[in-house]
Every structure is written in structure tokens, then in C-alpha cells.
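Below, each chain spelled out in residue letters.
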Amino acid sequence: MSLSDPLGDMLTRIRNGQRAMKSSIKSPSSKLRLSVLEALKREGYIRGYEVAEPEKGKPEVTIELKYYQGKGVIEHVSRVSKPGRRVYTGVKDLPTIRNGLGVAILSTPSGVLSDNEARDAHVGGEVLCKLY
């Protein structure tokens with residue numbers, strides 16, 4: 001099955017898993033997806049992830065979701081830059097999500113970073129998604 005937006009698919013799986021109160025979910029793996037998951041782990045939105053290869057040539061990532069007081073840590077997740085419309089931003093115009101309570105994930109020349117990490121590194125890039 002071919003997907004036009006693999007990152008959007010993973011974010012939807014995370015959103016649906018949080019709403020269904022699942023402890024973990026599975027998604028196909030790729031370098032971009034793993035980079036975004038690493039940024040989410042650094043920011044404290046997921047517990048962790050593990051890559052496995054049940055079938056040869058088809059790696060799969062298991063994402064451990066995080067909850068606090070019976071509610072999902074990720075309240076809202078949305079894709080910003082889509083295959084039909086890419087959204088880029090400079091370092092001066094980096095978005096602030098919920099007055100700093102949320103996070104935007106960016107693809108920069110320094111790798112996939114959160115908006116706070118991008119400000120510290122003084123780089124801009126493609127805004128992949130935002131969540132709070």
C-alpha cells in the first residue's frame with residue numbers, strides 16, 4: 001500500500017491511539033519518522049519507541065504513548081506542511097504553540113528539531129507538525 005503522506009499517517013496513528021487509551025501503537029518505520037519520534041521523546045510527549053523488523057525489508061516501529069492523570073499527554077496533533085503545500089519558516093518567524101506550552105517539529109539543515117531547539121541553534125526550516 002502506498003501512502004502519499006507517511007508522516008501524516010504516523011501522527012494519525014498516534015492521535016487515534018491516545019484517544020483509545022492504548023499503551024503502545026505500531027507504525028511502519030522510516031528515517032524521517034524516527035527523527036520526529038526522537039524529537040517527541042526529547043520533548044516528553046512519548047515514553048519511547050522501538051524498531052523491529054518482523055518481515056524482511058519492512059521495518060516497524062512500536063511507539064509507547066504517555067499518559068498523565070488518566071489523560072493523554074498529546075491533546076492535539078496536526079500536520080502543518082503537507083505534500084501539496086510545504087510550509088517553511090525562518091528563525092525569526094518560528095511559531096510559538098500555545099504560548100510555549102506546545103511544540104512545533106521542524107525539519108532543518110541541522111536535523112529534525114523542536115521549535116525551541118531550532119531557536120537555540122538559530123536555524124529555520126520546514127514546519128512538519130505542531131502538537132500540544
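Criteria and thresholds
- Residues numbered from 1 in each chain as written.
- Predicted model: local features only at pLDDT ≥ 70, side-chain atom pairs only at ≥ 80, totals over all residues.
- Heavy atoms only, no water.
- Helix = DSSP H or I, 4+ residues; strand = E, 2+ residues; numbered from the N terminus.
- Rg over C-alpha atoms; globule rule 2.2 N^0.38 Å.
- Contact = heavy atoms within 4.5 Å.
- Lys, Arg positive; Asp, Glu negative; His and termini not counted.
- Charge placed at Lys NZ, Arg CZ, Asp CG, Glu CD.
- Polar contact = N/O pair within 3.5 Å; in protein donor to acceptor, adjacent residues only side chain to side chain.
- Axes fitted to C-alpha atoms, helices over the stretch in contact; angles between N-to-C directions.
- Parallel < 35°, antiparallel > 145°, perpendicular 65-115°, else oblique.
- Left-handed = near helix turned anticlockwise from the far one by under 90°.
- Nonpolar A, V, L, I, M, F, W, Y, C, P; charged D, E, K, R; others polar.

**As for the overall build of the protein**
Along the backbone of the protein there are three helices and 10 strands. Relative to a compact globule of 132 residues, whose C-alpha radius of gyration would be 14 Å, the protein shows 15 Å and is just as compact. With respect to the principal axes defined by its C-alpha atoms, the protein has extents near 45 × 40 × 25 Å. Partitioning the intrachain contacts of the protein with sequence separation of at least 6 by distance along the chain shows that 59% fall at a separation of at least 24. If the 22 positive side-chain charges of the protein are averaged to one point and the 15 negative ones to another, these points end up 4 Å apart.

**Considering the side chain of Ser 81**
For Ser 81, the location among the structural elements is in the loop between strand S6 (77-79) and strand S7 (88-89). Within the structure, Ser 81 has its side chain in polar contact with the side chain of Glu 126 (distance 2.6 Å). Among all residues touching Ser 81, those that are not within four sequence positions of it are Arg 86, Val 87, Glu 126, Val 127 and Leu 128.

**Examining the packing of helix H1 (residues 6-19) against helix H2 (residues 31-43)**
It is at 10 Å that the axes of H1 and H2 come closest, and there the two elements cross at 40°. Put simply, H1 runs oblique to H2. Where H1 crosses over H2, the two elements pack in a sense that is right-handed. Here H1 contributes Pro 6, Leu 7, Asp 9, Met 10 and Ile 14 to the contact with H2, which in turn contributes Leu 32, Arg 33, Val 36, Leu 37 and Leu 40. For the contact of H1 with H2, the class distribution of residues is eight nonpolar, no polar and two charged.

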